[in-house]
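Listed here are the chains, written in short residue letters.
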2 protein chains.
Amino acid sequence: MSDSRRRRVTLNDIAEAARVSRATVSLVLRDSPLVHADTRARVETHMRKLGYVYNRAAANLRRQTSSSVALVINDLSNPFFAEFAAGVDEALAAAGYVTLLGGTGESASRQQAVLGSLMEHQPAAIILSPAEGSDASRIAHAVGAHTPLLVFNRELEGAGWDFLGLDNRRGARLATEHLLKQGHRRIAFFGGHADSSSCRERRLGYGDALAAAGVTPEPQWLVECAPTRLEAAAQTGALFVRDPVPTAAVCYNDAVALGLMLGLARRGRRPGHDFALTGFDDIPESAMSVPPLTTLAADPRARGRQAAALVLARLKHAPGAHKRTIVPVQLVVRESSGGADTAAPPSARKRR
Amino acid sequence: MSDSRRRRVTLNDIAEAARVSRATVSLVLRDSPLVHADTRARVETHMRKLGYVYNRAAANLRRQTSSSVALVINDLSNPFFAEFAAGVDEALAAAGYVTLLGGTGESASRQQAVLGSLMEHQPAAIILSPAEGSDASRIAHAVGAHTPLLVFNRELEGAGWDFLGLDNRRGARLATEHLLKQGHRRIAFFGGHADSSSCRERRLGYGDALAAAGVTPEPQWLVECAPTRLEAAAQTGALFVRDPVPTAAVCYNDAVALGLMLGLARRGRRPGHDFALTGFDDIPESAMSVPPLTTLAADPRARGRQAAALVLARLKHAPGAHKRTIVPVQLVVRESSGGADTAAPPSARKRR
DNA sequence: CTGAAAGCGCTTACAG
DNA sequence: CTGAAAGCGCTTACAG
């Protein structure tokens, strides 16, 4: 601790101590076969003795390289994104990159600030899970043309960026078909903002399934709300303002579904008995809820690893058209445990 | 995209374009009052026009400063740590620092690798939530004496680092007292590794409460297991191998408590009816479990902000003795909803 | 195999 | 108010 004010030791110090040139030390650092074994040993001894720490920033400056990747996430307190971040970091670390983290809290303006600040650290690439209401052209301006960008989860119009997303449409279709199989005909789509790409896609899948079943959705079955538990609970009433009232709902995601369950309970309806619903994401809580939630699993950690891999590939072969990767999503049925999806419609005329 | 191969624009380019020296551009960048307003405007115009991005790494190298703080977390998929990370990042960003993320997956050896890699990026400081089985001296070696380190959550013997932790002892005492008030006398402490500091402290608080109530814990009431749901479920049987068998358990954390609930159910016992238990952490799932879990809340996001603040303060006034900050923890009682803690002891001789 | 020299993009005294 | 020069800690041809 007494030396905590001392100059940090540099490659120069090693060179002096080992009585070689800086060039030689540099070669030792990068395991060049050009250095004599004895010299190498001597240099390495001194590095240990002096507690040398490689200054990668300096090396990056000189070599015009970067050893970091920026990860911009809207919300780490959402387990879906936390798992995603863990996967990204895991794969980046394995490839020798360090993760620059930036949280936006779903604010497009903070996102601009975060991107600007991260860009000053010269990341080799950016993985961006865009905040709601992101503007592609402003992002393009902040990121510039030199840094590859991978957009995750929420599609952004315009710029030619790589994209990794879930098969939202198919997922929502599976959920809707599942409720149809339970005999429901009046099925709502509950939650999310209709102008976000993932909500739009999920609504399409919902529509696909209904159309195939010959059901025409009533306008009042499409209820928007911010994708949080609280907002969903507050919006529950919107489902029941006008006849025909739905008997089930495909929810935008698990948070919304859990909120809706709360809202239903407050109105004296028992989810899974009087009303059936499904979620999206398979966050850990959906297995623990009462009743448990049938939902769609996307394995966010694996998505994180995949995002990192895509970005690293892009760094290797810089050019090439931008890539759109859509990942299938799996229906996790929890009805066996008397799940939230098991309510039969009141007028249970089973179709099919 | 056609210019994505072009040299990135530097301060030099701006100087040429604006017909001033690099020094002047540098002064403009840092809002120096020395520059004439007209000159400033001209320079700024060219910066925008050329799409200049400040290279903070180069500036840091020259100024011998750092604008990053490393955050080493054992497990982002644990919501407690994810929230903590979100809080850290939020506060660091507000102070103009960028977060270097490193995940260890609770592996002490990966932790060494991660620390080594992060150190090469010259963080101004490190916030470390140590992996199980961390070795203080190895950490000290990786971090060196020049970089302030804040240890979070799990105390590390030896080195003089700042520490931020929860009042585990008091928390566990509160939980134990709560169960005592329900009439329980045979209360187990379930889960965690006895050699981790947080488990040790929680066991002490548990012991405090029992001692005050005149109860001597049987050795078989102290059950260890890894702090995960799966391990906890698997270890459930250990509670019931020998008489006198406990009627309630203070669990090491929520994950363990949820696992124990699963294990109890498998053995035909209904948590909250035949057996009472409490958790620790207040992860979102504990409110949703069946029955809901009484637990201890630590507001991890606020802890993250606090950790960042401590580290930033240390950077301002470098010297000074290391600081030990212990945060109180709040009992969140969920018995009103027929919670997991409401089971009365079978032989309900209410004391007091 | 090793050394001297230039340069990555910035900042900082020091002159003028 | 602005410019010329040195230097942060590295790497990289280029000689030897």
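Residues numbered from 1 in each chain as written. Chains lettered and ligands numbered in written order. Predicted model: local features only at pLDDT ≥ 70, side-chain atom pairs only at ≥ 80, totals over all residues. Heavy atoms only, no water.

### Considerations on the protein's contact with DNA strand C
Quick note on the threshold: The criterion for a residue being near a molecule or strand is simple. One of its heavy atoms has to lie within 4 Å of it. Here a polar contact is recorded for every N or O atom pair within 3.5 Å, except that within protein the pair must consist of a potential hydrogen donor and a potential acceptor, and residues adjacent in sequence are included only if both atoms are side-chain atoms.
If you check the shell around DNA strand C, you find 27 residues, and the closest are Arg62 of chain A together with Arg22, Ser26, Tyr54 and Arg62 of chain B. Each atom of DNA strand C within 4 Å of the protein belongs either to a base or to sugar and phosphate, the latter forming 68%. One of the backbone N or O atoms of Ser21 of chain A is found 2.6 Å from a phosphate oxygen in DNA strand C. In this structure, a phosphate oxygen belonging to DNA strand C sits 3.1 Å away from a main-chain N or O atom of Asn55 of chain B.

### Topic: the protein's contact with DNA strand D
We apply this condition: We count a stretch as a helix when DSSP gives it H or I for four or more residues in a row; a strand needs E for two or more, and each element gets its number in order from the N terminus. In the scheme used here, Gly and all other residues not listed as nonpolar or charged are polar, with Ala, Val, Leu, Ile, Met, Phe, Trp, Tyr, Cys and Pro taken as nonpolar and Asp, Glu, Lys and Arg as charged.
Of all residues adjacent to DNA strand D, which total 26 residues, the nearest are Arg22, Ser26, Tyr54 and Arg62 of chain A together with Arg62 of chain B. Among all atoms of DNA strand D positioned within 4 Å of the protein, those belonging to sugar or phosphate total 69%. With respect to DNA strand D, the side chain of Arg63 of chain A contributes an N or O atom lying 3.1 Å from a phosphate oxygen. Going through the elements one at a time, helix H2 (22–29) and helix H4 (56–63) of chain A together with helix H2 (22–29) and helix H4 (56–63) of chain B are the ones with two or more residues in the surface near DNA strand D. Broken down by element, the residue count for the surface near DNA strand D peaks at four residues, all from H4 of chain A. Classifying every residue of the surface near DNA strand D gives 12 nonpolar, eight polar and six charged.

### Thoughts on the packing of helix H1 (residues 11–18) of chain B against H2 of chain B
Residues and elements named next belong to chain B. Spelled out, the test is: Think of each axis as a best-fit line through the C-alpha atoms, taken over the contacting stretch in the case of a helix, with angles from 0 to 180 degrees between the N-to-C directions. By definition in this entry, angles of less than 35 degrees are roughly parallel, angles greater than 145 are roughly antiparallel, angles of 65 to 115 are roughly perpendicular, and the rest are oblique. Residues count as neighbours in contact if any of their non-hydrogen atoms are within 4.5 Å of one another.
Across the interface, H1 lies against H2 with an axial gap of 8 Å and an inter-helix angle of 110°. For the element pair H1 / H2, the angle class is roughly perpendicular. Within the contact between the two elements, H1 uses Leu11, Asn12, Ile14 and Ala15 and H2 uses Arg22, Val25, Ser26 and Leu29. Tallied by class, the residues present in the contact of H1 with H2 amount to five nonpolar, two polar and one charged.

### Some thoughts on the domain arrangement of chain A
All names here are of chain A. As a reminder of what qualifies: Note: domain ranges come from an automatic or database domain assignment. Buried area: the accessible surface (1.4 Å probe) lost by two parts on joining, summed over both. Put simply, a salt bridge is a Lys or Arg side-chain nitrogen that is within 4 Å of an Asp or Glu carboxyl oxygen.
Partitioning chain A into structural domains gives domain 1 (11–54), domain 2 (67–160 + 300–327) and domain 3 (168–294 + 333–337). Taking the mean C-alpha position of each, domain 2 and domain 3 sit 30 Å from one another. Facing seven residues of domain 2, the contacting portion of domain 3 comprises 10 residues. Taken together, the two surfaces of domain 2 and domain 3 that pack against each other cover about 690 Å², and 44% of this comes from carbon and sulfur. Counting across the domain 2 and domain 3 interface gives zero salt bridges.

### Here's the deal with the packing of aromatic side chains
To keep things clear, this is the line we draw: Here the aromatic set is Phe, Tyr and Trp, taking the six-membered ring for Trp, and pairing holds for ring centres within 6.5 Å; pairs whose planes are under 30 degrees apart are stacked, those over 60 apart are edge-to-face, and all others are tilted. In this scheme, a residue with accessible area under 20% of its type's maximum is buried, one over 50% is exposed, and one in between is partly exposed, where area comes from a 1.4 Å probe on protein chains only.
Evaluation of the coordinates by the stated rule reveals 10 aromatic pairs over all chains. Where Phe240 of chain B meets Phe275 of chain B, the ring centres are 5.8 Å apart and the plane angle is 75°; that geometry is what we call edge-to-face. Separated by 35 residues along the polypeptide, Phe240 of chain B in the loop between helix H10 (229–235) and strand S8 (248–251) and Phe275 of chain B in the loop between helix H11 (254–266) and strand S9 (276–278) bring together distant segments of the chain. Residue Phe275 of chain B is classed as buried on the basis of its relative accessible area, which comes to 0%. Three or more aromatic residues joined by ring pairs form one cluster here, namely Phe80, Phe81, Phe84 and Phe152 of chain A.

### Description of the environment of Leu277 of chain A
Relative to the assigned elements, Leu277 of chain A resides in strand S9 (residues 276–278). With 18 residues separating them in the primary sequence, Leu277 of chain A and Thr295 of chain A have C-alpha atoms 9.0 Å apart.

### Examining helix H3 (residues 37–50) of chain A
Residue and element names in this part refer to chain A. Just so we agree on the cut-off: Multiplying one less than the number of residues by 1.5 Å gives the expected span of a helix. Note: the arc covers the axis-to-C-beta directions of the helix.
Given a rise of 1.5 Å per residue, 14 residues ought to cover 20 Å, and the 20 Å separating the end C-alpha atoms of H3 matches this to within 8%. For H3, every residue scored as buried is listed here: Thr39, Arg40, Val43, His46 and Met47. Looking down the long axis of H3, one finds its buried residues gathered within 130° of arc, a one-sided arrangement. Along H3, the residues that are exposed and aim more than 90 degrees away from the buried face are Ala37, Asp38, Arg48 and Lys49.

### Comments concerning the interface of chain B and chain A
Taken together, the contacts link 47 residues of chain B with 45 residues of chain A. On inspection of chain B and its partner chain A, the count reaches two salt bridges. A salt bridge links Arg56 of chain B to Glu120 of chain A; its shortest N-O distance comes to 2.4 Å. At the boundary of chain B with chain A, the tally comes to eight residue pairs in polar contact (both at pLDDT 80 or more).

### Things to note about the relation of the copies chain B and chain A
To keep it simple, the criterion reads: Least-squares superposition of the copies uses the C-alpha atoms of those residues scoring a pLDDT of at least 70 in each of them.
The two copies are related by a screw motion: chain B maps onto chain A through a turn of 180° and a shift of 0.1 Å along the axis, at an RMSD of 0.1 Å. The operation mapping one copy onto its partner corresponds to a two-fold rotation axis. Most of the interface of chain B is mirrored in chain A: 96% of its interface residues are interface residues there too.

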